[in-house]
Amino acid sequence: MTTKRRSPGIPAEFARRVLTVVRRIPRGRVATYGDVAALAGRPRASRAVGNIMRNCAAPDVPCHRVIAAGGRLGGYGGQEITKRSMLAQEGVLFHGRRIADFRTVRVKVPSRRSRS
DNA sequence: TGGTTGACGGTGG
DNA sequence: TCCACCGCCAACC
């Protein structure tokens, strides 16, 4: 099992939240590590999200829908071309190494500044 | 217990 | 537009 958490009962739950958030990303959409982190409750834990994604041992988690900021592919298990292809199959258009309509396919994240 | 790593984010040059 | 530096957070050794 990949359940080798060092801190039982602590932020280990954060990892679970991250996986849940990623799992909620609809097909044809993408989210940045920062977005996932924010949705998980830690808008500054983008790096931690990357580490969790690295573990990404759950087939239910479309880790390929998680990209870096600016619409860049970011990293992946090996070739970014793979990640790009998977997204392309979902309808995500690319413009070179970046997503063409990044702002369109990006999941909506409630900004704490956007308060009526 | 403490330090290093890493699929990042943002700013500056 | 691209590269480099610094900052933040969780997991691993």
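Everything below is about the structure shown above.
As a starting point, this report considers the structure included with it. (Residues numbered from 1 in each chain as written. Chains lettered and ligands numbered in written order. Predicted model: local features only at pLDDT ≥ 70, side-chain atom pairs only at ≥ 80, totals over all residues. Heavy atoms only, no water.)

1. Comments concerning the overall build of chain A
- Secondary structure summary: chain A contains five helices and four strands in total.
- Counted from the first residue to the last, chain A has its helices and strands arranged as α-β-α-α-β-α-β-β-α.
- A burial count over chain A gives 34% of its 116 residues as buried.
- Contacts in chain A between residues far apart in sequence, at least 24 positions, make up 59% of those at least 6 positions apart.
- Roughly 8100 Å² of accessible area belongs to chain A as shown, and the carbon and sulfur atoms make up 47% of that amount. (Helix = DSSP H or I, 4+ residues; strand = E, 2+ residues; numbered from the N terminus. Buried < 20%, exposed > 50% of the residue type's maximum accessible area, 1.4 Å probe, protein only. Contact = heavy atoms within 4.5 Å. Areas by Shrake-Rupley, 256 points an atom, 1.4 Å probe, with all protein chains shown as cover.)

2. Comments concerning the side chain of E90
- When you line up the elements, E90 lands in the loop between α4 (80–89) and β3 (94–95).
- In contact with E90, not counting residues within four places along its chain, are R27, G28, H64 and R65.

3. So, the packing of helix α1 (residues 12–23) against helix α2 (residues 33–40)
- Look at α1 against α2: their axes get within 9 Å of each other, and the N-to-C directions meet at 120°. Where α1 crosses over α2, the handedness of that crossing is right-handed. Contacts from F14, R17, V18, V21 and V22 of α1 reach α2 at V36, A37, L39 and A40.
- Residues of the contact of α1 with α2, tallied by class, amount to eight nonpolar, no polar and one charged. (Axes fitted to C-alpha atoms, helices over the stretch in contact; angles between N-to-C directions. Left-handed = near helix turned anticlockwise from the far one by under 90°. Nonpolar A, V, L, I, M, F, W, Y, C, P; charged D, E, K, R; others polar.)

4. A few points about the packing of α1 against helix α3 (residues 46–55)
- It is at 10 Å that the axes of α1 and α3 come closest, and there the two elements cross at 80°. Of the possible angle classes, the one that applies to α1 and α3 is roughly perpendicular. Only A48, V49, I52 and M53 of α3 make contact with α1, whose side of the interface consists of F14, A15, V18, L19 and V22.
- Here the residues of the contact of α1 with α3 sort into nine nonpolar, no polar and no charged. (Parallel < 35°, antiparallel > 145°, perpendicular 65-115°, else oblique.)

5. Some thoughts on the protein's contact with DNA strand B
- Taken together, 17 residues surround DNA strand B, and among them Y33, R47, M53, R54 and A69 come closest.
- Close to the protein, within 4 Å, the atoms of DNA strand B belong to sugar or phosphate groups at a rate of 47%.
- Here a base nitrogen of DNA strand B and a side-chain polar atom of R47 are 2.3 Å apart.
- The element best represented in the surface near DNA strand B is α3, accounting for seven residues.
- For the surface near DNA strand B, the residue count by class is eight nonpolar, seven polar and two charged. (Near = heavy atom within 4 Å. Polar contact = N/O pair within 3.5 Å; in protein donor to acceptor, adjacent residues only side chain to side chain.)

6. Observations regarding α3
- Every buried residue of α3 is listed here: V49, I52 and M53. Taken end-on, α3 shows its buried residues confined to a sector of 100°, consistent with a single buried face. Among the exposed residues of α3, those pointing more than 90 degrees away from its buried face are R47, N51, R54 and N55.
- In the core, the buried residues of α3 are packed alongside α1, α2 and β2 (66–67). (Arc of directions from axis to C-beta.)

7. Looking at the nonpolar core
- Residues F14, V18, V22, V36, V49, M53 and V66 are the most contacted members of the largest nonpolar core, which totals 22 residues.
- Listing elements by their share of this core, those giving two or more residues are α1, α2 and α3.
- With six residues, α1 is the largest single contributor of residues to this core.
- V49 has contacts with F14, V18, Y33, V36 and A37, leaving out every residue within four places of it along the chain.
- Of all hydrophobic cores here, the second largest spans eight residues; its members include V30, I67, V92 and F102. (Core = buried A, V, L, I, M, F, W, Y, C linked by side-chain atoms within 4.5 Å.)

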